[in-house]
Amino acid sequence: LFTQDLELRYTWVSNPPSGIGIDTLIGRTDGELFGEEAKPLIALKMQALDKEAGAQQEITLTINGVQRRFNVAVEPLRHRDGRAVGLICAAFETTRYLETEKALRSSEALYRAIVDAFDGLIYICAPDLTVEFMNRKLVERTGYCAIGEKCFSALHGLDTPCPWCRADAVFRGEK
């Protein structure tokens, strides 16, 4: 959280991003701190002041040579008479979340490639025996995707759970 005056100089900072001290921020503008890279951030803040309404945007800034992403929300800071006297802003760093999301997508793609390349039949059921996942080979064998259906009906044509089913034991943690 931080505030800025109408000249967009930092006037108060609660918890600066790592790598930037409070003393570095107070009294300075985004342009002085981040140069040309600050243009989208400055435009966002000017938009909030011009429209006298909040605005939000993902911003990339380089801090100590490292590109970092922030979700920045800005609102006009008002005097009790209603006129804007500056901005109150919240910046939430999303860099790690974006990196984690990218790693998760990569991991999911690897998992999907392994499961799809497997020549056997794989499916996952919920405790109520509803099919939640079928690999490509099982979909090809059954001729359709039975996700959302009961496994005993979709895979074996039965009206009740299979006599050989061990799902209850598995969901209790047994092998």
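First, a word on what this report is: a plain description of the structure on this page.

What counts, and at which threshold
- Residues numbered from 1 in each chain as written.
- Predicted model: local features only at pLDDT ≥ 70, side-chain atom pairs only at ≥ 80, totals over all residues.
- Heavy atoms only, no water.
- Helix = DSSP H or I, 4+ residues; strand = E, 2+ residues; numbered from the N terminus.
- Buried < 20%, exposed > 50% of the residue type's maximum accessible area, 1.4 Å probe, protein only.
- Contact = heavy atoms within 4.5 Å.
- Areas by Shrake-Rupley, 256 points an atom, 1.4 Å probe, with all protein chains shown as cover.
- Lys, Arg positive; Asp, Glu negative; His and termini not counted.
- Charge placed at Lys NZ, Arg CZ, Asp CG, Glu CD.
- Disulfide = S-S within 2.5 Å.
- Polar contact = N/O pair within 3.5 Å; in protein donor to acceptor, adjacent residues only side chain to side chain.
- Pairing = 2+ DSSP bridges.
- Axes fitted to C-alpha atoms, helices over the stretch in contact; angles between N-to-C directions.

**Focus on the overall build of the chain**
And then number 1: When helices and strands are counted, the chain shows seven helices and seven strands.
And then number 2: Ordered by position from the N terminus, the helices and strands of the chain form the series β-β-α-α-α-β-β-β-α-β-β-α-α-α.
And then number 3: With the C-alpha coordinates aligned to their principal axes, the bounding extent of the chain is approximately 75 × 40 × 30 Å.
And then number 4: A buried classification covers 29% of the 175 residues belonging to the chain.
And then number 5: Long-range contacts, defined as pairs at least 24 residues apart, comprise 29% of the intrachain contacts of the chain with a sequence gap of at least 6.
And then number 6: When the accessible surface of the chain is split by element, carbon and sulfur atoms take 55% of a total near 11,400 Å².
And then number 7: For the chain, the distance from the average position of its 21 positive side-chain charges to the average position of its 25 negative side-chain charges is 2 Å.

**Looking at the state of the cysteines**
And then number 1: Under the defined criterion, the tally for this structure stands at zero disulfides.
And then number 2: Of all cysteine sulfurs, the one in cysteine 125 lies closest to cysteine 151, which takes part in no disulfide; the gap is 3.6 Å.
And then number 3: Given the relative accessible area of 7%, cysteine 151 is considered buried.

**With respect to the environment of alanine 169**
And then number 1: Here alanine 169 shows up in helix α7 (residues 167–171).
And then number 2: Residue classification places alanine 169 among the buried positions, given a relative accessible area of 4%.

**Points about the side chain of lysine 45**
And then number 1: Counting through the fold element by element, lysine 45 comes out in helix α3 (residues 39–51).
And then number 2: For lysine 45, a relative accessible area of 0% gives the class buried.
And then number 3: Within the structure, lysine 45 has its side chain in polar contact with the side chain of glutamine 4 (distance 2.8 Å).
And then number 4: Apart from residues lying up to four places away in sequence, lysine 45 is in contact with Phe2, Gln4, Leu8, Tyr10, Asp30, Val74, Leu87 and Cys89.

**Things to note about the sheet that holds strand β1 (residues 2–5)**
And then number 1: In spatial order, the strands read β2-β1-β5-β4-β3; together these five strands make up an open sheet with antiparallel pairing. The sheet is open, and its two edges are formed by β2 (10–13) and β3 (55–63), each paired on a single side. Averaged over all pairs of adjacent strands, the angle between strand axes in this sheet comes to 30°, irrespective of strand direction.
And then number 2: For β1 and strand β5 (residues 84–93), the ladder comprises four bridges, and the chain directions are antiparallel. Paired with phenylalanine 2 across the bridge in β5 is cysteine 89.
And then number 3: Sheet strands touched by α3: β1, β2, β3, β4 (66–78) and β5. Its angle to β3, the strand with the most contacts, is close to 155°.

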